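Now for the letters of each chain:
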Amino acid sequence: MALRSRFLIGGFVGLLGLKKQQEAPSYVLIGGGTASYYAALTIRAYDPNSKVLMISADNEAPYNRPPLSKELWLHGTKNVDKNLEYIGVTGKKRDIKYESDGFYLSPTDLNKFEHGGVSLLRNTHVTQIDPVNKEVTLDTGKKVKYEKLLIATGGKPKIPYPFYSPHLRNKVMTYNNASDFQKLYRIAHESSAILIYGNSATAAELAFSVQTKFGKDKLKIIHVFPEQYPMQESLPPNVGEFVRNAISEKGVIIESRTQPTFVNQLPNGQVEVELEKDGEKHKLKKLAYASIL
């Protein structure tokens, strides 16, 4: 995966027009995910003296996302919701970050090092890009000059109908990053029932993992999707049914060929969801939360 990512980014670097002999280069990478991280490594490989600034809206340094729906739930260490650590297949403790915090220079120190480095600006959004003057504007109002710019912000899940409603904002969440894991971990620890809507690999993994971690007699996970079996767009029927059985055996309630038609927050703070399957409707009550994947 890493070699493939580097190859893809390497092709992008060619598009950026990097030059080995470029004097005092300045690269700004918008985004703090995997693409931005490997772009920084590739830039430094092509130009060892380059100065690279990553601007990330995330609170964490670039990290590996697959453990958010698997390892952190199934093999998380004590206080995993704070340290984001888990026990790997070798039995050793690991965290999700690609590099330790010491790998990144402070943005104020980036120009102090003769041979450059990689700097990370966290919890920051770029609000404007000026390609003529080659500068970006941050949400703090500060402007940052650049010579080369990469936009690698990735995508964000959307909240579909009927979950998108202002009065449901504190009862509906998407799942995309480390802070989402920390939020859902706390919710699962305190709740009796959670609905997961969606048929992506992340949805299936999360239903299995959360039920395994908090299920048994405490938590009920309801996995709802409109297709016949989990991950139908990417799996053949026999594999999809195997995944379905594996999830069900953990205690997950699967509502396949089902669409949510109405969502409401009850006076007691719980959530009520109306589902439709084969033309018939029924309601799920006493849900603590709904997660969209």
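This structure is a prediction, so every number in the text was calculated from the model and none was measured.

**Q** Help me understand helix α7 (residues 237–249) in this model?
**A** Helical periodicity: at 3.6 residues per turn, an α-helix aligns residues three or four positions apart in one direction. With 13 residues, α7 extends 18 Å between its outermost C-alpha atoms, agreeing within 8% with the 18 Å of an ideal straight helix rising 1.5 Å per residue. Every buried residue of α7 is listed here: G240, V243, R244 and I247. Along the axis of α7, the buried positions cluster into a sector of 100 degrees, meaning they face one direction only. Residues of α7 that are exposed and point over 90 degrees away from its buried face: N238, F242 and E249. Packed against the buried residues of α7 are α6 (201–214) and β13 (253–255). Among the residues trailing α7, G251 stands out with phi positive, at a value near 105 degrees.

**Q** Is there a simple way to explain the sheet that holds strand β16 (residues 280–287) in this structure?
**A** In a beta sheet, neighbouring strands are held together by backbone hydrogen bonds and run either parallel or antiparallel to one another. Taken together, three strands build an open sheet; the order of strands is β14-β15-β16 and the sheet is antiparallel. Edge positions in the sheet fall to β14 (259–265) and β16, since each has one partner strand and no second. Along the sheet, successive strands turn relative to each other by an average axial angle of 20 degrees, direction set aside.

**Q** Is there a simple way to think about the UniProt feature "domain: FAD/NAD(P)-binding" (unreviewed entry) in the chain in this case?
**A** The UniProt entry lists residues 26–279 under the feature "domain: FAD/NAD(P)-binding" (unreviewed entry), expressed in the numbering used here. Secondary structure content for residues 26–279 is 24% helix and 26% strand, and the end C-alpha separation is 59 Å.

**Q** I keep staring at helix α2 (residues 34–46) and nothing clicks. Help me out?
**A** Compared with the 18 Å implied by 1.5 Å per residue over 13 residues, the 18 Å span of α2 between its first and last C-alpha is a close match. Taken together, the buried positions of α2 are occupied by S36, Y37, Y38, A39, A40, T42 and I43.

**Q** Is there a simple way to explain unusual backbone geometry in this structure?
**A** Keep in mind that most residues, glycine aside, have a negative phi and that most peptide bonds are trans. Cis geometry marks the peptide bond from Y161 to P162, where omega comes out at 5 degrees. Here P162 shows up in the loop between β9 (148–151) and β10 (172–174). Phi is positive for N79, which is not a glycine, with a value near 65 degrees. Within the secondary structure, N79 sits in the loop between α3 (71–74) and α4 (80–83).

**Q** For this particular structure, what's the right way to read the pattern of salt bridges?
**A** Pairing between side chains of opposite charge can happen when the charged atoms of each approach one another. Taken as a whole and judged by the stated rule, the model has ten salt bridges. When the shortest N-O distance is used, the salt bridge between K97 and E60 registers 3.9 Å. In this pair, K97 sits in the loop between β4 (93–95) and β5 (117–121) while E60 sits in the loop between β2 (51–55) and α3, placing the two residues 37 residues apart along the sequence. In this structure E60 comes out as buried when scored by relative accessible area, which is 14%. For the salt bridge of D278 with R257, the shortest nitrogen-to-oxygen distance reads 2.9 Å. Taken as a pair, D278 in the loop between β15 (271–277) and β16 and R257 in the loop between β13 and β14 lie far apart in primary sequence, 21 residues in all. Given a relative accessible area of 32%, R257 falls into the partly exposed group. Connected through shared salt-bridge partners, E60, K97, D101 and R122 make up one network.

Calculation notes
Position numbers for residues start from 1 in each chain and track the written sequence from start to end. Owing to the predicted nature of the model, reporting of local features is limited to residues with pLDDT of at least 70; listing and counting of side-chain atom pairs is limited to 80 or more, with chain, interface and lining totals taken over all residues. Calculated side-chain values reflect all of the structure's heavy atoms, with hydrogen atoms and water omitted. Numbering of helices and strands runs from the N terminus, with a helix taken as a DSSP run of H or I at least four residues long and a strand as a DSSP run of E at least two residues long. How far a helix is expected to stretch is found by multiplying one less than its residue total by 1.5 Å. Each residue's exposure class comes from its accessible area (1.4 Å probe, protein chains only) as a fraction of the maximum for that residue type: buried when under 20%, exposed when over 50%, partly exposed otherwise. Each direction from the helix axis to a C-beta atom contributes to the arc, which is the arc of those directions. Contacts between residues were defined by any pair of non-hydrogen atoms, one from each residue, lying within 4.5 Å. If DSSP finds at least two bridges between two strands, the strands pair. Helix axes are fitted only over the stretch in contact, all axes being lines through C-alpha atoms; the angle between N-to-C directions runs from 0 to 180 degrees. UniProt positions are given in the numbering used here, feature names are shortened, and annotations may be inferred rather than shown by experiment. When a carboxyl oxygen of Asp or Glu lies within 4 Å of a side-chain nitrogen of Lys or Arg, that pair is called a salt bridge.

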